[in-house]
Amino acid sequence: MKRLYRSYDASTLIFRELEAKYPEYFKIESIGRTWEKRDINLITISKNINTANSKPALFYTGTIHAREWIGHELAIEFASYILKNLETDPTLQTYLNESTIYMVPCANPDGYEYSRKHFSFWRKNRRQNLDGTYGVDLNRNFPIGFVKSTNTASNVYGGPEPFSEPETQSLRDFVLSHPNITIALDYHSQGNVFFPAHDFRHEDTIDTIDMNTLCANMAEEIRKISGREYGIHQGKPPAKLISGSGREFYYSQGILSSVVEVGTRNISDYMEDMNENIREHIPALIYALKEVDNYDKISLMKRVDSFEASEIGSNHVTLKWDYQLNKNIYFEIFRSQKDKQFCNSSNLIAKTQALEFSDINLASNRDYYYNIRAVNKKTNQKSPFYPQIKIRTLVEYDEYSRTFYANAKGTGYVAENLNNNPKHFGVNSLFVGIDENKGISYAIISINVKSLPQNALIKLASFNLYPINRVSTTIEKYGEWNVGLVNQDTMGDITDFEDVNNMEIIRYIGRPTESHQLTQGIWRNWHLSGLECDDLKRSIKDDTIILRIEGPKELRVGRSKQMMQWDIGYGQYGFGLTYRPRLELTYTIEPTNVALFPKSIYTVSKNEVLDDVITPGFDENGNKIYSTFQFNLSSLPPYNDTMITKAYFELNSTKIYIKDDIRFHLEFVDDNINKSYKDITSREVIQNIGYDVSATELKNNQTQYFMFDSFSEITLNEKLKTKSDISFVLKPTSAFKVLKDKTVSWEASNNTTLCPKLILEYIPKRRFPVEKVTNAQLVMENGKVKVTWNNPKDADFVGAKVIKNPFRKPLSAQDGQKLYAGVDEYTLDDFGATDIDKYYAIFTYDDVPNYSQPVILEYKAK
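Okay, so let's go over this structure.

Procedures and definitions
Residues numbered from 1 in each chain as written. Predicted model: local features only at pLDDT ≥ 70, side-chain atom pairs only at ≥ 80, totals over all residues. Heavy atoms only, no water. Helix = DSSP H or I, 4+ residues; strand = E, 2+ residues; numbered from the N terminus. Buried < 20%, exposed > 50% of the residue type's maximum accessible area, 1.4 Å probe, protein only. Contact = heavy atoms within 4.5 Å. Areas by Shrake-Rupley, 256 points an atom, 1.4 Å probe, with all protein chains shown as cover. Lys, Arg positive; Asp, Glu negative; His and termini not counted. Charge placed at Lys NZ, Arg CZ, Asp CG, Glu CD. Core = buried A, V, L, I, M, F, W, Y, C linked by side-chain atoms within 4.5 Å. Patch = residues over 30% accessible without salt bridge, like charges linked within 9 Å, V, L, I, M, F, W, Y side chains within 5 Å. Salt bridge = Lys/Arg side-chain N within 4 Å of Asp/Glu carboxyl O. Pairing = 2+ DSSP bridges.

### A word on the overall build of the chain
Here is step 1: Helix and strand counts for the chain come out as 13 helices and 46 strands.
Here is step 2: Dimensions of the chain, computed from C-alpha atoms along their principal axes, come out at roughly 110 × 65 × 55 Å.
Here is step 3: Burial statistics for the chain: of 862 residues in total, 58% are counted as buried.
Here is step 4: Sequence-distant contacts, at least 24 apart, represent 76% of the contacts inside the chain between residues at least 6 apart.
Here is step 5: When the accessible surface of the chain is split by element, carbon and sulfur atoms take 46% of a total near 36,100 Å².
Here is step 6: One finds the centroid of the 103 positive side-chain charges in the chain at a distance of 2 Å from the centroid of its 111 negative side-chain charges.

In C-alpha cells, the structure reads:
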C-alpha cells in the first residue's frame, strides 16, 4: 500500500461528496459490477447534468491495468479541478456549455485493490480461470484484433473470448449507448507517450492527422507546464501491435481515440512525480475537452475537399484547396517544421476566406508540414483536419542537398557487461544509456559519404534518430544523450566496448537531448552549428563518418535502467528502411572566380560621345552625363549546367576634387544601349546594383564595389541562357536642383588591376531534372501492389523515388509515404492495404537533387 494514493472506496466517497456539493454539474452512477461485486463507477460532468447526454462528450478511462494507478488518481483530481473552477473560469464554462465529460476513473476496481493490498505488480482483473489461475488483461479483451490464447497465466491473457469480462461488457454497453462520445482517452503508465488508435493497416487514415494533432496539442500543454516532451506513436506494421485493446474498439465506433502513457513508473513517488504528472495533464485534458464539439457526429463540419501544394520554390510554397464557400466560413492554416506537431496560435500562419495561400520567406531545403481546417466564424465550430501536406523547399541556386543513411554493418551498440557486442551490429535497434544488466551502452553509427564532393562547403547539417521504445526503458528525470564525432585515427574496434569507451571525440554536435525531451515516435534531431559543420567535414576518413551516441553512465539508487532505444531500420523488429539513422546536409562547393572586362565603354553627354572614357556627372547646362559598359557572357560554361552564385562590379576612381553633393548609381539595364543621348535617357532599368556612392566616399576609397542583390543575380543567370551582351549605366544624381559642370573621372585603362570589371563566381550545377520514368504501371504480385517503371537513359540520372499517398496525387517528392529511392525499376508496397484507393508517384532525381514532375499511378481497390 502507498500513502497518498486513494483506495477505490475513498474515490467513491470523494465522488459522492462532489455530487452532493455540485448536483447540477456532477453525477456518479454504476454502469456494472465486477467479479468481486464492486460497482464500476461512471461520473458525468456537464454545465447542466440533465442535458449532458445530448452534448458531444469526452470519454475518459483510467487504470484498466491494475498496477497503473495514475488513471485513477488523475480522474479524482481532474474532476475536483473542474468543479472547483467551473463557476469562475469562463473557458471551462464555454467548453462545458457545449460538451460533456464521462469518466470511468478505474476500469478495473478488483485488480486495482489487489494491486494496492497484495501484489503491486498485478495487471489483470480478478476472474478465476478454469485452471485455477487468476485474471484477464482487460485491455486485450475487446474484439478488434482479439487474439485467442490458452496461456491464462500470462499478463496479457485476453480471456476466452472478446467481452468475456463484466468490466469490458460495461464499457462496451456504455459506449454503444452513448453515440455522443467523440473523443476517448485511456490513461495508462508508463512512458510519457500518446498511442493514437490504428486500424491494423500500414496506411494513414483520413483521421490520422486529427488524432496526431489532438495528441500533439495535449503534449504542448504538458510541455508548457513541466517542460516534458511527450511522444506520439501510432502503431502500424511491422511494429508489434496490441490486440484487443479498448482504444481500437472505441475507434471502430467513429471515436477519436488514444492511449496516454504517463510517467516513468507504474506507481510513482506521489509527491515527487505523481503530483507533477497530474498538474501537467489537467490542462492537456482541458484542451481535449475544447476539441470535443468539433468532432460532434451530428453537426460535424465538413473538412476541406482537397488540399495540395501547387507550387514549391526555394523560399515559398503555394497551397490550394476546395470548399463550398459561404460568408461564415474561413480557413486556418498551420505550419510546422516537424511531423506530429501541434496546431495552435503559435504556428497559425493564416486565416483566410480564399482557396489559395502563398507562404513566403521560407528557408531553402527545409521540411515544412501544413495542416488546414475550416472554421465557422458564426458558431466557432471547426472542421476536422485534411490530411497533412509535407514538402521540402527547393535548394537555393548555390546549394546541393544530400541525405546519407547509416550502414547496417557499421551500426550497432556495445554494452559494458555483454560479450556478444559484434552481434549487435546491423540488427534491430540501438540501446544507449545504462542498465543494471547491460551496464553502460554506447551506439556507433557509421555513415558512408562517398558522394559528398571533396570541395563541398557544408552550410547546414542535422543528424536524426528515430526513438522506438520509451515505455519499457523507465527513463527518469536526469541525464542527457549526446552525439560525438569520432576521431577515426584513434578509434580502435567499433564492436569492442573498451575501444568505444576510450574513443577520442573531436566534438559533440548539436544540443544534448535531455531525459525529459526523449519521446517515442517523433524523430530526434541534432542540428549542427557552423563550427560543427566544419569539424564534420574534417572528421571524414575513407569516405566515412563515425558517430558515437552516449547517454547517462550512472544509475541512481533504486533504479534499474536509464536507457533509450533507437531504430536502425534493419532487422525483424525495425520499422523499415525509412527509419534508418540519417545525416542530412545542405552544402555548396568552392566556386570558380572569373573577371570579365568590358567589350565597350563610352560616356554620353547631350553634345558628344566619348569612347573608352568614364566621366559621368553634369555638363555646363546641368544636363546629366552617363557612362555605359557592355560585357559578353560567351566565355562562361553552358547555362544548363552552370549557376552564377555571386557577382559584383568593380570601379576605380581617379583623383577627386569635387566638394558638392554628387552621387553615382550603377544600373543594370535591359538591353544594349546605342550611342545616343535619347536612347540612354529612355533606358529600361532592371535593378540598381549595390548602393550609390558619393564623391566624398570616393575621396576616402578609390575602389568601389557594387554588389548584385538576389534579383540581379537571378537576372544575370537568365542572361547566361542566351550568352547575350549585358549592359550597365553609371548615372549621376544630386540633392541640388541644378548642378553644373561637375564630373568625376574613373579608370578606363587596360590596366587589369584598375580598369572596370565584372567579377563572377559560379559553380557547375544542373538546373533542370532528368527525364521522367516511362512505362510505369501497377501489378499485383503475391497479394502486394508492385510498382514498375523504366528509368531514363541519362548520364546524370541518380535514382527514382516512389511516394504513396491515399488522399491526393503527390506533387512533391516528400508528400506521402516513401516506398523506395534508388536505381531499381520496381518496388513493392510491402505493408500496404489492398482494399483502399491510393496514388503512387514516381519522381526521377539527379545529384542536386532536382526532382522531375511525377508520373502518377492511381490504384483502385478491387
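Back to the write-up after that little detour.
### Examining the nonpolar core
As a rule of thumb, soluble globular proteins bury nonpolar side chains together.
Here is step 1: Grouped together as the largest cluster of nonpolar side chains are 65 residues, with contacts concentrated most on Phe26, Leu185, Tyr187, Phe194 and Met218.
Here is step 2: Sorting elements by how many residues they give to this core places helix α8 (residues 270-292) first, with ten residues.
Here is step 3: When near neighbours in sequence (up to four residues on either side) are disregarded, Leu185 contacts Leu58, Phe59, Tyr60, Thr61, Met218, Ser258, Val260, Leu285 and Ala288.

### Looking at a negative patch on the surface
Here is step 1: Where like charges cluster on the molecular surface, the negative patch consists of Glu416, Asp493, Asp496 and Glu498.
Here is step 2: Accessibility expressed as a relative area gives 36% for Asp493, which makes it partly exposed.

### So, the environment of Pro387
Here is step 1: Here Pro387 shows up in the loop between β14 (367-376) and β15 (389-392).
Here is step 2: Distance from Pro387 to Leu171, taken between C-alpha atoms, is 31 Å for residues 216 residues apart in sequence.
Here is step 3: The residues touching Pro387, leaving out its near neighbours within four places in the chain, are Ile206, Ile209, Phe307, Phe807 and Arg808.

### Brief notes about the pairing of strand β37 (residues 725-734)
Here is step 1: Burial analysis of β37 places nine of its ten residues in the buried class, the great majority of the element.
Here is step 2: Note: strand β32 (residues 624-632) against β37, six bridges, orientation antiparallel. Following the sheet pairing, Ser627 is matched in β37 by Leu730.
Here is step 3: The sheet contact formed by strand β34 (residues 662-669) and β37 spans eight bridges and is antiparallel. Looking across to β37, one finds that Ile662 is bridged to Ser734.

### Quick word on the pattern of salt bridges
Here is step 1: On inspection of all chains with the given rule, the structure shows 57 salt bridges.
Here is step 2: Notably, a salt bridge pairs Glu584 with Arg392, separated by 3.4 Å at the nearest N-O pair. Residue Glu584 is found in strand β27 (residues 582-589), and its partner Arg392 is found in strand β15; the two are separated by 192 residues along the sequence. By the burial criterion, Glu584 is buried, and Arg392 matches it.
Here is step 3: For the salt bridge of Asp535 with Arg538, the shortest nitrogen-to-oxygen distance reads 2.6 Å.

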